[in-house]
Amino acid sequence: MPKASSPSKSPSEPLNNSHQTKVLKSAILSRLILLILTLLWRTLLTPYDTSAPLNPTCLNHPSPSPPPRPPLLSSLGSFIEKGIVWDSVYFVRIAQCGYEYEQSYAFLPLLPACIFILSRTVFAPLVSLIGHRAVLALSGYVICNVAFIFAAIYFYRLSVIVLRDPNAALRASVLFCFNPASIFYSSIYSESLYALFSVGGLYYLKSRADNIALFWLALSGFARSNGVFNAGYYGFKTMHQAYDAAFLRKRAFLALQILLSGALRCICIFVPFITFQAYGYYNICLGRSSDEMRPWCKARIPLLYNYIQSHYWGVGFLRYFQLKQLPNFLLASPILSLAVCSIMYYVKSRPEIVLSLGFQASAEEKSSMAMIFSSEKSHRLNSPPISDKYTSRRQENHNLKLRKKMGQGGDPAECTIDHGSSEKLGYTSASILPFILHLCFMVVTAFFVMHVQVATRFLSASPSLYWFASLLMTSPSISKRWGYMIWAYCSSYILLGSLLFSNFYPFT
């Protein structure tokens, strides 16, 4: 486990290390709870679909002759294979046989590639014991659960940098460990790898490790298609730094350099997804006559992913707005409500920041997050203009004002904040804005375009959701009510998800 990077010692360092240990323990505990629940439900109930163990011969590989010997622990292998449900079937099949069918190209290659490598190296000796497909499944489980644990650590580190409040960062990180989409982070799904590389990439971006951040964010686009949305963070950073260079520092050439560099970095985040689309075009379209070509091959912009989503799963703008889908809208309503409330709270608290896209942030706010707002590379990340102790004390004063306001039945968004002082630090900081903009785009996409029930896991890696929930849980007059509601929501979806998903019943 990598250690938290901190070039200078500070009084808060032991507290941060202690918090990081708590996050690590919470992440491991949450995975163990999910494992126990999954095994329990799978033992007590009969799966709705019992076809999980079926595994036809790969199209690209003829059946071996003579056939391989049956594994020594075939019953254990069969039990592991029963956990290959829903999209896990595709990921394991791709790792075993490659991309055989057109619809399999909807699943990006990072997770199958990791499964393939691990099953051929570390877990290769287990093939004779439990069978090849069970080894593939075991590799997938290990990869996804380990990736989630590291994602939780990076989530805490990112939260500390952005919120400047270790306690709030701890609360948000523990909530992330027990998020309502937890079952997908413990299954053979791409959510864990996406969360690791997107959250980790944002941590490195905030830490000024631009090259590492670029690599990690690009990898997130190899895990899930929505990884390309992470280019927006570089777009936001480039916009502000170019403005700083051109209009504040009067350095036009530097502004041009920043714009070109930012554009190239955004393109680099798109490259993995575009490369995979080109790979699909090469395998399916090239070398075929016009009559044999699939419809998408003849399109002006032949995007295989969009065609698959539309043709096979009916994904498209307003296509899911049907009366029969009302239960799925209800299933997604908690996460969508939380997301909308988090956005509205921020907009009501900082309307000038939102409307100006951050350009009206105070000089102190821009200075405290100079890696985003300033074009001056020599500004040190770990040299904030105010001391950690002073920041913490002023943040506590603001929290006290907020609690008094809410205790009187007022709207917390109406609590006056002195944006020229360090009281701005926290969820209403200008540094939260790119996360809010990213969340807005994700919410609109989930509600109007996607299968809406997928919103629970689609939005589950958005940091601002947990930062807002952490803020709600510390409000004095309604803290218990909101805290209980948030934890009840997460707990019920963990129980419901482990029950339904593991037995091949529809969940999200």
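Procedures and definitions
Residues numbered from 1 in each chain as written. Predicted model: local features only at pLDDT ≥ 70, side-chain atom pairs only at ≥ 80, totals over all residues. Heavy atoms only, no water. Helix = DSSP H or I, 4+ residues; strand = E, 2+ residues; numbered from the N terminus. Buried < 20%, exposed > 50% of the residue type's maximum accessible area, 1.4 Å probe, protein only. Contact = heavy atoms within 4.5 Å. Areas by Shrake-Rupley, 256 points an atom, 1.4 Å probe, with all protein chains shown as cover. Disulfide = S-S within 2.5 Å. Expected span 1.5 Å × (residues − 1). Core = buried A, V, L, I, M, F, W, Y, C linked by side-chain atoms within 4.5 Å. Salt bridge = Lys/Arg side-chain N within 4 Å of Asp/Glu carboxyl O. pLDDT = per-residue confidence, 0-100. Patch = residues over 30% accessible without salt bridge, like charges linked within 9 Å, V, L, I, M, F, W, Y side chains within 5 Å. Phe/Tyr/Trp six-rings, centres within 6.5 Å; stacked < 30°, edge-to-face > 60°. Lys NZ or Arg CZ within 6 Å of the ring centre and 35° of its normal. Axes fitted to C-alpha atoms, helices over the stretch in contact; angles between N-to-C directions. Parallel < 35°, antiparallel > 145°, perpendicular 65-115°, else oblique. Left-handed = near helix turned anticlockwise from the far one by under 90°. Nonpolar A, V, L, I, M, F, W, Y, C, P; charged D, E, K, R; others polar.

## A closer look at the overall build of the protein
Logical step 1: In terms of helices and strands, the protein carries 22 helices and zero strands.
Logical step 2: The buried share of the protein, taken over its 508 residues, is 54%.
Logical step 3: Across the protein, contacts joining residues at least 24 apart in sequence account for 77% of those joining residues at least 6 apart.
Logical step 4: About 23,400 Å² of surface is accessible on the protein, with carbon and sulfur atoms providing 65% of the total.

## Description of the state of the cysteines
Logical step 1: By the definition in use, this model includes two disulfides.
Logical step 2: There is a disulfide in this structure between cysteine 58 and cysteine 97, and the S-S distance comes to 1.8 Å. Across the disulfide from cysteine 58 to cysteine 97, rotation about the S-S bond amounts to roughly -60°, and the bridge is consequently left-handed. A residue pair is termed long-range when its members are at least 10 positions apart, and cysteine 58 in the loop between α1 (13-44) and α2 (74-81) and cysteine 97 in helix α3 (residues 87-97) qualify at 39 residues.

## Points about helix α10 (residues 210-223)
Logical step 1: With 14 residues, α10 ought to run about 20 Å at 1.5 Å a step, and its terminal C-alpha atoms sit 20 Å apart, in line with that.
Logical step 2: Three or more residues of α10 are buried, namely Ala213, Leu214, Trp216, Leu217, Ala218, Leu219, Ser220, Gly221 and Ala223.
Logical step 3: For α10, the elements touching its buried residues are α4 (110-120), α6 (132-163), α9 (191-206), α11 (231-248) and α12 (252-284).

## Observations concerning the nonpolar core
Logical step 1: If you look at the biggest cluster of nonpolar residues, it comprises 142 residues, and the most contacted ones within it are Tyr427, Leu459 and Trp467.
Logical step 2: Sequence-distant contacts of tyrosine 427, that is, excluding residues within four places in its chain, are made with Leu163, Ser342, Ile343, Tyr345, Tyr346, Ile432, Ile436, Ser464, Trp467, Phe468 and Leu471.
Logical step 3: Core analysis: the second largest hydrophobic core is formed by five residues, Ala245, Leu254, Ala255 and Ile258 among them.

## As for unusual backbone geometry
Logical step 1: Of note, lysine 250 is a non-glycine position whose phi angle comes to about 60°, a positive value.
Logical step 2: Along the chain, lysine 250 falls in the loop between α11 and α12.

## A look at the pattern of salt bridges
Logical step 1: Tallying each qualifying case throughout the model produces ten salt bridges.
Logical step 2: Of the charged contacts, one joins arginine 350 and glutamate 352 as a salt bridge, the two residues approaching to 3.0 Å between their closest N and O atoms.
Logical step 3: Judged by relative accessible area, arginine 350 falls into the buried class, the value being 1%.
Logical step 4: Since its relative accessible area comes to 24%, glutamate 352 is described here as partly exposed.
Logical step 5: Bridged by salt links that share partners, the residues Asp87, Glu191, Arg224 and Arg457 form one connected network.

## Describing the confidence of the model for the protein
Logical step 1: For the protein, per-residue confidence averages 86 on the pLDDT scale, and 85% of positions sit at 70 or higher.
Logical step 2: Across the protein, α4 holds the top mean pLDDT of 98, while helix α18 (residues 388-407) sits lowest at 48.
Logical step 3: Across residues 1-15 the pLDDT falls below 50, and counting only partners more than four positions away or on other chains, this stretch makes 17 contacts in the model.
Logical step 4: Here residues 411-424 is modelled with pLDDT under 50, and outside its nearest four sequence neighbours on either side it reaches 45 contacts, counting other chains as well.

## So, helix α19 (residues 433-448)
Logical step 1: Compared with the 22 Å implied by 1.5 Å per residue over 16 residues, the 23 Å span of α19 between its first and last C-alpha is a close match.
Logical step 2: All of the buried residues along α19 are Leu433, Pro434, Phe435, Ile436, His438, Leu439, Met442, Val443, Thr445 and Ala446.

## Topic: a nonpolar patch on the surface
Logical step 1: A contiguous nonpolar patch, built from Ile28, Leu32, Leu35, Leu39 and Phe79 and spanning about 410 Å² of accessible area, is present on the exposed surface.
Logical step 2: The leading source of residues in the nonpolar patch is α1, at four residues.
Logical step 3: Mapped onto the elements of the fold, phenylalanine 79 is located in helix α2.

## Let's talk about the packing of aromatic side chains
Logical step 1: Summed over the entire model, instances satisfying the criterion amount to 51 aromatic pairs.
Logical step 2: Seen in terms of ring centroids, tyrosine 243 and phenylalanine 247 are 5.1 Å apart; in terms of plane orientation they differ by 35°. Their pairing is tilted. Taken together, the positions of tyrosine 243 and phenylalanine 247, both in helix α11 and four residues apart, correspond to about one turn of that helix.
Logical step 3: The exposed category is assigned to phenylalanine 247, whose relative accessible area is 52%.
Logical step 4: Within the aromatic cluster, the residues linked to one another by ring pairs are Tyr90, Phe91, Phe107, Phe184, Tyr189, Tyr312, Trp313, Tyr489, Tyr493, Phe501 and Phe507.
Logical step 5: Between arginine 457 and the ring centre of phenylalanine 184, over which it is positioned, the NZ or CZ distance is 5.0 Å.

## So, the packing of α10 against α12
Logical step 1: Where α10 meets α12, the axes come as close as 7 Å, and the angle between the chain directions of the two elements is 30°. Overall, the two elements α10 and α12 adopt an arrangement that is roughly parallel. Crossing of α10 against α12: the hand is right-handed. Judged by residue contacts, Asp210, Asn211, Leu214, Leu217, Ala218, Gly221 and Phe222 of α10 engage Arg265, Cys268, Ile269, Pro272 and Phe273 from α12.
Logical step 2: Per-class residue counts for the contact of α10 with α12 are eight nonpolar, two polar and two charged.

## A word on the environment of leucine 118
Logical step 1: With respect to the helices and strands, leucine 118 occurs in helix α4.
Logical step 2: According to the relative accessible area criterion, leucine 118 is buried, its value standing at 17%.
Logical step 3: The sequence separation of leucine 118 and valine 135 amounts to 17 residues, and the corresponding C-alpha distance is 9.1 Å.
Logical step 4: Setting aside residues no more than four positions away along its own chain, leucine 118 makes contact with Phe123, Ala124, Ser139, Val142 and Ile143.

## Side note on the side chain of aspartate 244
Logical step 1: By the element assignment, aspartate 244 lies in helix α11.
Logical step 2: Of the residues examined, aspartate 244 reaches a relative accessible area of 9% and is grouped as buried.
Logical step 3: Apart from the residues within four sequence positions on either side, aspartate 244 is in contact with Arg249, Phe373, Ser374 and Ser375.

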